[in-house]
Amino acid sequence: MKLWTIAVPAATVLTGIVAASYVSPEAVAIVTGAAAALAGFGWPYLLGVPARKTQGAVLALVGAGSTAAAYFAPATAMLTWMPGVVAVGVGAVFVIQLLRGTGQAQRLESTLGVISGALVAGMGAGWVAADRLAGAEGTQGLIVASAAAIAVAVAVSLIPLPDRITAPFGVLTGALAAAAAAALVPGLPVAAGAFIGALCAAVVVAVRRLALIRDDAPGLPGLISAGMAPVLALGTAVYFAGRLLVP
């Protein structure tokens, strides 16, 4: 799998979330929901499991439903409904496996892999919750700093060097980029920005390793999912970090 093929969808969804955060929470919900649906649909293609279209449709609904739940949930508990949506998706995955009948190939791999995809698709709701955090000034800095770290880490991941070099360099530059963004955009302390940046960058460079050890290309839906999924999954981490660190 070539790194640039997953860097493009990652950069696209990241740009969309940041741009939408300057418009309104509704815009963030629409962009994130569409991206979560795309990533969810492509997840079974990324894994190469059977019943891709059916299970992909379930994961797309999980992604869109979790995002909608985060938007409509009370401000005091914005991710309360997200686990319920994911649980319904997991139940649907089991039903699909039962309907496939006994003796089908890759049943265990398909079940476990698609369940993980339901969690990843649902975690995209964290970006909506982060944008709705109390104090609009703080959330702006939180989203921009996190996005800066992810973008820099993605760029570093494209450097054709061994992981022992790119991994620590990516985490360091991600932390520095987030700290710089926090200094420029009000509402987030610089130290908090550096911590969130290191967290986001660490996830990105870890995904780089997973992409490099895969030889085959999963096709367009799978590539879109591979690029968007890490960005979406970081939404929940950004939200909880913001709850703890944004004043």
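## Considerations on unusual backbone geometry
Both trends apply: most residues other than glycine have a negative phi, and most peptide bonds are in trans. Its identity is not glycine, yet alanine 51 carries a phi of approximately 55°, on the positive side. Mapped onto the elements, alanine 51 comes out in the loop between helix 2 (25-47) and helix 3 (52-72).

## Examining the packing of helix 9 (residues 190-212) against helix 10 (residues 220-245)
In contact at an axis separation of 11 Å, helix 9 and helix 10 are set at 160° when each is read in the N-to-C sense. Taken together, the axes of helix 9 and helix 10 are roughly antiparallel relative to one another. For the crossing formed where helix 9 meets helix 10, the hand is right-handed. Taking contact as the criterion, the partners of Ala192, Phe195, Ile196, Leu199, Cys200, Val203, Val204 and Val207 in helix 9 are, on helix 10, Pro230, Leu234, Ala237, Val238, Ala241 and Leu245. Residues belonging to the contact of helix 9 with helix 10 are distributed by class as follows: 14 nonpolar, no polar and no charged.

## Describing a nonpolar patch on the surface
Where nonpolar side chains cluster on the molecular surface, the patch consists of Trp4, Val8 and Leu158 and spans about 320 Å² of accessible area. Looking at the element boundaries, valine 8 is found in helix 1 (residues 3-21).

## Observations concerning the pattern of salt bridges
Applying the stated rule across the entire model yields 2 salt bridges. We note a salt bridge from aspartate 163 to arginine 208, for which the minimum N-O separation is 2.4 Å. In this pair, aspartate 163 sits in helix 8 (residues 163-184) while arginine 208 sits in helix 9, placing the two residues 45 residues apart along the sequence. For aspartate 163, a relative accessible area of 18% translates into the label buried. Arginine 209 serves as the salt-bridge partner of aspartate 163, at 2.5 Å between the closest nitrogen and oxygen. Placement of aspartate 163 in helix 8 and of arginine 209 in helix 9 is noted, with a sequence separation of 46 residues between them. Through salt bridges with shared partners, one network takes in Asp163, Arg208 and Arg209.

About the thresholds
- Residues numbered from 1 in each chain as written.
- Predicted model: local features only at pLDDT ≥ 70, side-chain atom pairs only at ≥ 80, totals over all residues.
- Heavy atoms only, no water.
- Helix = DSSP H or I, 4+ residues; strand = E, 2+ residues; numbered from the N terminus.
- Axes fitted to C-alpha atoms, helices over the stretch in contact; angles between N-to-C directions.
- Parallel < 35°, antiparallel > 145°, perpendicular 65-115°, else oblique.
- Left-handed = near helix turned anticlockwise from the far one by under 90°.
- Contact = heavy atoms within 4.5 Å.
- Nonpolar A, V, L, I, M, F, W, Y, C, P; charged D, E, K, R; others polar.
- Patch = residues over 30% accessible without salt bridge, like charges linked within 9 Å, V, L, I, M, F, W, Y side chains within 5 Å.
- Areas by Shrake-Rupley, 256 points an atom, 1.4 Å probe, with all protein chains shown as cover.
- Salt bridge = Lys/Arg side-chain N within 4 Å of Asp/Glu carboxyl O.
- Buried < 20%, exposed > 50% of the residue type's maximum accessible area, 1.4 Å probe, protein only.

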